[in-house]
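Overview (structure and organization)
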Amino acid sequence: MSHAPDGLTVVVTRPAAQSARFIELARAAGAECIAYPTLQIEPLTLSVATLTQLRSRRWDWAIFISANAVATLFQQVAPPLAAQHVAVGRATARALEVADVMVDARPASATSEGVLALPEFADLTGRGIVIVKGAGGRKLLRETLHSRGAHVLELESYRRVPVQPTATMATDLHAALMSDKPLVVTVTSAEILQSLLDHVQAADATALRRKPLVVPGARVAAAAAQLGWQGPIVQAATAEDDAMVQAMLSVVRGAPPAA
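Heads up: these notes are all about the structure in this document. Note that the structure is a prediction, hence the values are computed from the model and not measured. (Residues numbered from 1 in each chain as written. Predicted model: local features only at pLDDT ≥ 70, side-chain atom pairs only at ≥ 80, totals over all residues. Heavy atoms only, no water.)

Regarding the pairing of strand β5 (residues 84-87)
Basically, it comes down to this: Strand pairing follows a simple DSSP-based rule, namely that at least 2 bridges must link the two strands. A run of H or I in DSSP becomes a helix once it reaches four residues, and a run of E becomes a strand once it reaches two; helices and strands are each numbered from the N terminus.
Here strand β4 (residues 61-64) pairs with β5 via four bridges, running parallel. In the sheet register, Ile63 faces β5, and the bridge partner there is Val86.

Laid out in structure tokens, this is it:
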């Protein structure tokens, strides 16, 4: 891996339970990290009605949106969930493999569009598909699968809830913003970015908006622009740790931003 400029600080906003590998990679590249999680993962209990629907038929495909979806769903339902399984992203694939569930398909892009581009999903007439995900979102995926003839059941097995930053976290972030050393902010969703801006002091939020921001794709980049981000917004190929670190390194070296 290439190395970051001396003194680079990275603000890591992933939930604490998911940030360890990114921090390890960023530090290996020579960056200092400020762990500043603004959300945490809270499991959701599936309702009796949802469980009844799940058991009402044999499902052809189960799509797992994240590693969190795998972990929280299999706390309640024994694997396997369907005849075949889709993992969105490498971390999700690893989580399924740890659960002894075979990954039958993995989209090239860890997005709803990537899932919909899978050749197996071109014609879904009469097929049953379960989507395992966090609360909210993925409307495009659900509606497009339905329009292609599938019977779709969504299982929302977790949600993200706000985390109040500690005094130490706030102090460390403020000191980094006041320093003349380079600083990059990394976020993996618009929800995390909004929560970050909501939880910092007004002056620090203004300073943050002037810093380079690394995001996973055009949707989060557009949300950042709507939230008034003024610094360069750089799109990583995916939200996975390796891709986010590589995008971080590209922006601090002066590579042209992708968004």
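Text resumes after the structure shown.
Regarding the environment of Gln75
Formally: Whether a residue is buried, partly exposed or exposed follows from its accessible area with a 1.4 Å probe, protein chains only, as a fraction of its type maximum: under 20%, in between, or over 50%, in that order.
Along the chain, Gln75 falls in the loop between α3 (67-73) and β5. What makes Gln75 exposed here is its relative accessible area of 59%. As a C-alpha pair, Gln75 and Ile41 span 34 residues in sequence and 14 Å in three-dimensional space.

Side note on the sheet that holds strand β10 (residues 233-235)
Stated formally: Under this scheme, a helix contributes an axis fitted over its contacting stretch, all axes are lines through C-alpha atoms, and angles between N-to-C directions fall in the 0 to 180 degree range. Two residues qualify as a contact provided that any one of their heavy atoms is within 4.5 Å of a heavy atom in the partner residue.
The sheet built from five strands is open, its strands ordered β2-β1-β8-β9-β10 with parallel pairing. Of all the strands in the sheet, just β2 (32-35) and β10 have a single pairing partner and so form its edges. Ignoring strand direction, the axes of neighbouring strands in this sheet form an average angle of 25°. Sheet topology note: the strand β1 (residues 9-12)/strand β8 (residues 183-186) ladder contains four bridges and is parallel. Of the residues in β8, the one forming a bridge with Thr9 is Leu183. The strands touched by helix α1 (residues 20-28) within the sheet are β1, β2 and β8, with β2 carrying the most contacts at an inclination of about 155°. The sheet contacts of helix α11 (residues 241-252) involve β1, β8, β9 (213-215) and β10, and relative to β9 the element is tilted by about 150°.

A few points about the nonpolar core
Which entries qualify depends on this criterion: Only buried Ala, Val, Leu, Ile, Met, Phe, Trp, Tyr and Cys residues count toward a nonpolar core, and they belong to the same one when joined by side-chain atoms within 4.5 Å.
Formed by 26 residues in total, the largest nonpolar core has its most connected members in Tyr36, Val185, Val187, Leu193, Leu208, Leu213 and Trp229. Every element with two or more residues in this core is listed here: α7 (167-178), β8, α8 (190-199), α9 (202-208), β9 and α10 (218-226). What Leu193 contacts, discounting residues up to four positions off in sequence, is Val187, Leu213, Ala224, Leu227 and Trp229. In this structure, Phe64, Ala82, Leu153 and Leu155 belong to the second largest nonpolar core, which totals 23 residues.

Description of the pairing of β1
To keep it simple, the criterion reads: For the handedness criterion, the strands are oriented away from the viewer, and a crossover whose path from the first strand over the helix to the second runs clockwise is classed as right-handed.
A two-sided burial pattern is seen for β1, the buried positions comprising Thr9 and Val11 on one face and Val10 and Val12 on the other. What joins β1 to β2 is α1, and the crossover it makes is right-handed.

What to know about the packing of aromatic side chains
The test is simple: A pair of aromatic rings is counted whenever rings of Phe, Tyr or Trp (Trp by its six-membered ring) have centres within 6.5 Å, and the orientation is called stacked for planes under 30 degrees apart, edge-to-face for over 60 and tilted otherwise.
Counted under the stated rule, the structure contains two aromatic pairs. On the numbers, 5.2 Å between centres and 90° between planes, the contact of Trp61 with Phe121 is edge-to-face. Here the residue Trp61 occupies a position in strand β4, and Phe121 occupies one in the loop between α5 (112-116) and β6 (128-134), the gap between them amounting to 60 residues. Pairing Phe64 with Phe74 gives two aromatic rings, centres 5.5 Å apart and planes at 50°, and the pair type is tilted. Residue Phe64 is located in strand β4, and its partner Phe74 is located in the loop between α3 and β5; the two are separated by 10 residues in the primary sequence. For the pair Phe64 and Phe74, one class covers both residues: buried.

Points about α11
Owing to its 3.6 residues per turn, the α-helix aligns residues three or four sequence positions apart on the same side. What counts here: Expected span of a helix: the number of residues minus one, times 1.5 Å.
A rise of 1.5 Å per residue sets the reference length of α11, with its 12 residues, at 16 Å; its end C-alpha atoms lie 17 Å apart and thus fit the reference within 8%. Among the residues of α11, those classed as buried are Asp241, Ala243, Met244, Val245, Ala247, Met248, Leu249 and Val251. In this structure, the buried side of α11 is in contact with β1, α1, β8, β9 and β10.

Some thoughts on the sheet that holds β6
The sheet built from five strands is open, its strands ordered β3-β7-β6-β4-β5 with mixed pairing. Two strands close off the open sheet at either side, each with one partner strand: β3 (39-43) and β5. Here the average twist between neighbouring strands, direction ignored, is 20°. Bridge count between β4 and β6: four bridges; the pairing is parallel. Residue Ile63 lies in a different strand from β6, and its bridge partner there is Ile131. Relative to the sheet, helix α4 (residues 90-98) contacts β4 and β5, its axis offset from that of β5 by approximately 140°.

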